[in-house]
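An overview of the molecular structure
What follows is each chain in one-letter form.
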Amino acid sequence: MRVLLAFDKFKHALGATAACAAAAAAVREADASTQTDEAPLADGGEGFAEILTRALGGKLHKHLVHGPRFAQVEAHYGEVDIEKIPAAARARLEISSHGRLAILEMAQASGLDLLPPGDRNPWETSSFGTGELLGRAADAGARAVLLGIGGSATNDLGLGALEAVGLEFRDANGAALTRVTPARFGDIVRLAGEPWPHLPDLRVACDVINPLLGPTGATSIYGPQKGLPPGDFPKLERVVGAMAKRLCAHFDQPRTLMMEQGAGAAGGLSFGLRVACAARLTPGFALVSDWLRLEERVRAAHLVITGEGRFDQSSLSGKGPGAVAELAIKHGKKLIILAGTVDDSAAATLRARAPDGKIQVIALSRPGEPLEIAQAATAARLAAKLMEVL
């Protein structure tokens, strides 16, 4: 028996790698002869850099950088040989076939989870630390950079990141402005300079399709979860829009870039890097799937086990455990999904795809249970439930 274990994270409870390890231990305890294949998942957010780096035997480099409100945090980025990247993933990236690829994760340096709830405010947060990681990778000689931008705390158009790699800001007196956040955009009269010339080719892993502005834009959709005070949306939208136009003018880029799919990802970081650094966006989970050779590993398995913190209709959108489930159904594999909570309609939709009973969807939490208790028990319940099912 060969079992593929492909878990995404259980947010605030269990990382993807830890979930796979816990499940693998339970499978082996149930039957020591079972072969396990662990494939932790990510799509650009938490765990992205480590998962992709370790999958190819690369190295992680740790650095002290500035967090979203400028306190120092320890962050890492990965480094892999481009030649080791599976051909399908390398084709998606459209990068040189040799040299080293640096893998960065915005959540490491500028992530929302780095701040306690009371400190979250997109007026005051910066992507500066992400730019510092980009600079470290460039100085280390990376041929190209892959940046995952999930889980951000910012809404600064990536100006913080660009400041860290050479872009300058001037006030009405010509004085330099530093540590710029949206709260200080109004003080900026002129942009100066440009990003370092030795920055490598930049690819951004992104599954978000929101434009920069408007009712489905960065501020409207993601501002509240980043701590935007109620009633501040019109002002922040106006400030961000004005700065976006200024950024386009400085780099002689069309304003239509603001309307592109993905321009609103990570508080406009994808837009800023596109305008200033000619960054290219690539679908995050599709890249991860190719990178991890997920379909090949599903085909080789007799049983596929996946899961995440919550399995609902959004899980069926073609990424994460939902994508793993689609591959299992495609290749006629038995499938077990273990999630913290399960939406019954999503589970029914999936089970209808395989009426022969090959799919089990199981919730780990208990009805009416406080979230904190459910999260603390995730690892133990995952192992126990899997033992029971097997």
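The notes below deal with the structure included here. (Residues numbered from 1 in each chain as written. Predicted model: local features only at pLDDT ≥ 70, side-chain atom pairs only at ≥ 80, totals over all residues. Heavy atoms only, no water.)

1. So, the side chain of Thr34
Along the chain, Thr34 falls in the loop between α1 (16-30) and β2 (35-38). Judged by its relative accessible area of 10%, Thr34 falls in the buried class. Excluding residues that lie within four positions of it along the chain, Thr34 makes contacts with Met1, Val3, Val27 and Arg28. (Helix = DSSP H or I, 4+ residues; strand = E, 2+ residues; numbered from the N terminus. Buried < 20%, exposed > 50% of the residue type's maximum accessible area, 1.4 Å probe, protein only. Contact = heavy atoms within 4.5 Å.)

2. Details of the sheet that holds strand β8 (residues 176-177)
Across the sheet, three strands lie side by side as β8-β7-β9; this open sheet has antiparallel pairing. Unpaired on one side and paired on the other, β8 and β9 (190-192) mark the two borders of the sheet. For strand β7 (residues 168-170) and β8, the ladder comprises two bridges, and the chain directions are antiparallel. Bridge pairing in β8 links Arg170 to Ala176. (Pairing = 2+ DSSP bridges.)

3. What about the sheet that holds strand β12 (residues 303-311)?
Paired through backbone hydrogen bonds, the strands of a sheet run either parallel or antiparallel to each other. On the basis of which strands lie adjacent, the open sheet formed by five strands has the order β2-β1-β12-β13-β14 and parallel pairing. For this open sheet the edge positions go to β2 and β14 (359-363), each flanked by a neighbour on one side alone. Taken over all neighbouring pairs, the strand axes of this sheet differ in orientation by 20 degrees on average, direction set aside. Bridge count between strand β13 (residues 334-342) and β14: five bridges; the pairing is parallel. Bridge pairing links Ile337 to Val361 in β14. Relative to the sheet, helix α12 (residues 320-330) contacts β1 (2-7), β12, β13 and β14, its axis offset from that of β12 by approximately 155 degrees. Where helix α15 (residues 378-389) meets the sheet, it contacts β1, β12, β13 and β14, and its direction lies at approximately 145 degrees from that of β13. (Axes fitted to C-alpha atoms, helices over the stretch in contact; angles between N-to-C directions.)

4. Section: the packing of aromatic side chains
All told, the structure shown has two aromatic pairs when counted by the stated rule. With a centroid separation of 6.2 Å and 35 degrees between ring planes, the pair formed by Phe7 and Phe10 is classed as tilted. Residue classification places Phe7 among the buried residues on the basis of a relative accessible area of 0%. Consider the rings of Phe70 and Phe128, whose centres lie 6.4 Å apart with planes at 50 degrees: the pair is tilted. Of this pair, Phe70 sits in the loop between β3 (59-66) and β4 (72-81) while Phe128 is found in helix α5 (residues 128-139), placing the two residues 58 residues apart along the sequence. Note on accessibility: Phe70 and Phe128 belong to one class, buried. Taking NZ or CZ as reference, Lys235 lies 5.5 Å from the ring centre of Trp123, over its face. (Phe/Tyr/Trp six-rings, centres within 6.5 Å; stacked < 30°, edge-to-face > 60°. Lys NZ or Arg CZ within 6 Å of the ring centre and 35° of its normal.)

Everything listed here is a matter of coordinates, which is why it stays silent on function.
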